[in-house]
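Descriptive structure summary
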Amino acid sequence: MSGDTPPPGDVFDPKKIRSLIELMIEHELSEIDLKQGGTRIRLRRGQDPTAAAPVATPAAPQTAPATAPAAAAAADKFAVIKSPMVGTFYSSPNPESAPFVKVGDHVSADTTVCIIEAMKVFNEIPAEVSGQIVATLVENGDPVEYGQPLFRVDAGR
Amino acid sequence: MFKRILVANRGEIALRIIRACRELDVETVAIYSEADRGAHYLQLADEAYCVGPAKAAESYLKINRVISAAEVGNVQAIHPGYGFLAENAHFAEICESCNITFIGPSHQAMTKLGNKNDARRLAREANVPVVPGSEGLVTDEQEAVRIAHEIGFPVLIKASAGGGGRGMRVAANDLVLKTAIQQARNEAEAAFGDGSLYLERYIQHPRHVEVQIVADTHGNAVHLWERDCTMQRRHQKVIEESPAHNLDENVRRAMCEAAVRLVEVSNYTNAGTVEFIVDREGNFFFIEANARIQVEHPVTEMVTGIDLIKTQLRVAAGEPLPFRQEDIRTNGCAIECRINAEDPAHGFRPSPGRIERLIVPGGFGVRFDSHAHSGYVVSPYYDSMIAKVIVHQPTRQEAIASMLRVLAELQVDGVRTTIPRLVEILRHSAFVEGRVDTTFIERTWPMGQ
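Bear in mind that the values here come from a model prediction, so they are computed numbers and not experimental data. (Residues numbered from 1 in each chain as written. Chains lettered and ligands numbered in written order. Predicted model: local features only at pLDDT ≥ 70, side-chain atom pairs only at ≥ 80, totals over all residues.)

What about the interface of chain B and chain A?
Between chain B and chain A, the contact holds 12 residues from the first and 10 residues from the second. Where the side of chain B that touches chain A is concerned, the elements lending two or more residues are strand 3 (47–52) and helix 2 (63–72) of chain B. No other element matches helix 2 of chain B, which puts seven residues into the side of chain B that touches chain A. Of the residues contributing to the side of chain B that touches chain A, the split by class is six nonpolar, three polar and three charged. (Contact = placed C-beta atoms within 7 Å. Helix = DSSP H or I, 4+ residues; strand = E, 2+ residues; numbered from the N terminus. Nonpolar A, V, L, I, M, F, W, Y, C, P; charged D, E, K, R; others polar.)

Quick word on the pairing of strand 14 (residues 333–340) of chain B
Residues and elements named next belong to chain B. Counted residue by residue, strand 14 has eight buried out of eight residues, so it is predominantly covered. As paired elements, strand 14 and strand 21 (residues 385–393) share eight bridges and run antiparallel to each other. Bridge pairing links N340 to M385 in strand 21. (Buried ≥ 20, exposed ≤ 12 C-beta atoms within 10 Å, placed from the backbone. Pairing = 2+ DSSP bridges.)

As for the sheet that holds strand 8 (residues 121–126) of chain A
All names here are of chain A. With antiparallel pairing, four strands are arranged side by side in an open sheet as 8-7-5-10. The outermost strands of the open sheet, each flanked by one partner alone, are strand 8 and strand 10 (143–144). Pairing of strand 5 (residues 87–90) with strand 10, which is carried by two bridges, proceeds in the antiparallel orientation. Across the sheet, T88 pairs through a bridge with P143, a residue of strand 10.

Comments concerning the packing of helix 11 (residues 396–409) of chain B against helix 12 (residues 419–427) of chain B
Residues and elements named next belong to chain B. Interaxial distance between helix 11 and helix 12 falls to 10 Å at its minimum, and their mutual angle equals 155 degrees. Of the possible angle classes, the one that applies to helix 11 and helix 12 is roughly antiparallel. Considering the relative orientation of helix 11 and helix 12, their crossing is left-handed. Listed contacts from helix 12 to I400, M403, L404 and L407 of helix 11 are I419, L422, V423 and L426. Grouping the amino acids of the contact of helix 11 with helix 12 by side-chain chemistry returns eight nonpolar, no polar and no charged. (Axes fitted to C-alpha atoms, helices over the stretch in contact; angles between N-to-C directions. Parallel < 35°, antiparallel > 145°, perpendicular 65-115°, else oblique. Left-handed = near helix turned anticlockwise from the far one by under 90°.)

Focus on the domain arrangement of chain B
Residue and element names in this part refer to chain B. Assigned domains of chain B: these are domain 1 (4–103), domain 2 (141–201) and domain 3 (207–444). A straight line from the C-alpha centre of domain 1 to that of domain 3 covers 23 Å. Contacts between the two partners involve 22 residues from domain 1 and, on the opposite side, 20 residues from domain 3. If you tally residues by element for the side of domain 1 that touches domain 3, the top one is helix 1 (residues 11–23), at six residues. Here the residues of the side of domain 1 that touches domain 3 sort into 14 nonpolar, three polar and five charged. (Domains from an automatic or database assignment.)

Here you go:
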C-alpha cells in the first residue's frame, strides 16, 4: 500500500478526517497512523487533551502542504480554479491515462486541467490562470457544483 | 414512491416541497444560486448544489445545470415548483428524455393548455364557456357591428399583435364602435406594425375565480373547488380565499365541473388550475389554464384537508388518487395574504435588505409558509414575496378577524412590507361585503398612495 502512486486528493480534507474520527470512535480505536506516498497522518484519541488533533509529516519536499493551519493561511494568497458547471469531476482524459495535471505542474490559461461531465457531455475545463498547481481539492469521480474550488494555483510561479 | 427528487426552485416553495418529501421519506436534492447560499431551508435537503450566480437566468433557469444537478444528485424526479421552469415544456421534455420524471403534466399537455388559442378551442370542445368574441380577425366595420351585436355590448377591441394592455379600446355602441375600430387599427399599425383586430365582450367588474384540479395517470380527474383571487394589484394576486364569497352554489358547481371537463379533454395530469372571470350576473368565462402548482395552493389545502404537494408526488409516482370527487368537501373559510418585501409608501417598490428580526404568528388555524428567518437577507434578484400567511376559520367573518389578529402579531424588522396595505384592505367594507372586482385595489389606492 505504501509503495503505490498517491491518487490525487487532499488528505487534509475535513470530510476525510471526520470519517476517520468516526471510524475510530465506532471501533474504539485509540490511534490511527496512515501513510500514503509522501504524506502521513496520525490521529490519536484518549486522555491527552491534544488527542484527535491531526499530526502530519511531509516525507518528501515536493508533495502536499505541511500542516492544515499553515495550508489554510497560505490558501489566501493562491488563486483558485473553480468549476463553471454542475457535473462529475474527472482528473484524467480517460480511466487509463494519467491525470491532466498534478501538484507541482505549471499551467497556463488554456491548459486543460480536468474534465467535468454534465449530461453525458465531457467538457474540458481550462485553467484560466497561469501558475503552479499547489493542490487538487476534489477527487476523481466527485460530483461538483457551480463555483466549487477544484485546484489551488500559485499564480506567482 | 420516489427515493429521491430534485427541487428545481428556491425560497418558500422549495421549502414547501422539501417538507412534503421529508414526511414521505423521500430524499431531496436542492439547488441554489450564489445569492441563496446559506439559506436555512437548504439544510433541510439531503444534498444541495450551487447552480450559478445570482441572476435567475444564470442559475435557476439554466436547464443544463439543473439537469446535471439531478444527475449527480442521482434523483428519479424533479419538482419544478412554480415560476422558473415550471411551465417550460422544453424542460419537461428534456427531463423525459433523461429518464427523470417531471412532477407535473406531460410536455404535450402543458403545450396544449399553455397556448391561449389552443386552450380556448379545447374549452369550446369541452363545453366550457369562453369570453364571447369574434372567431377570428375583424376586417371591416360592418362585420364588427354584426359581431358586436352577437357577443353583446360593451365590446373590447383588441389588437392581435398587442400585449401588456396596449392596443385595447372599449366600445359601448355601434357609433362608438365604428370610429373606435378605425382608431384601433391605426394605433395597432403604428405600435405593433400589424393592424389586425379581434373583438371580445368587455366583462365589467370581473371577479377572478379559479378552480384547483388534479388528475392522475389512471384516468381520474377531480376538482378541489375554487379560490377567489379577485384582490390583485397590477395583475399580481394579493389576497386569496376559499370558498369564493357570495358565489351562487349552482355557478360554483358548474364552474368546477367545467374545469374538470377541460382537464379531461386535454389529457392533463397532475395538479393545475383553471382560471375564470365571473361577471356581475354570475356568468363565468374561461380565461386560461395554469399547468403547475400555484402560490396560493395552501388556501385549498386548508379547506379541503388535502396535501397538494404530496398528491403531486404520488400522482407523478404513478399512484391513483386516494380520493374521489364525492369525498372532496370544503370546510370553513381560508384566507391567504402574501407578504411582500415592498414599500407601500413608495409605489410598492422592492425593499430588499436583511430581516433583523422575524416574529412569527401562530394560534388556532394559522399557517405561516416562509423561508425567511431572523438574519435572512432578502435579495433583489427574485420576486419580493417573503411569506404567505394563511388562516382557517369556520366562517369568513372569523377568518378576516383572525387574519387581522395575525398580521398585528407578525413582525418583520429590517425590510418594508405590504402588511399595512393588507390590513387596510381587510378592514375595507367593500372587501368585507364582497363588493370588489379585479380593479378594486388600484382604484382605491391609486399609484403612489
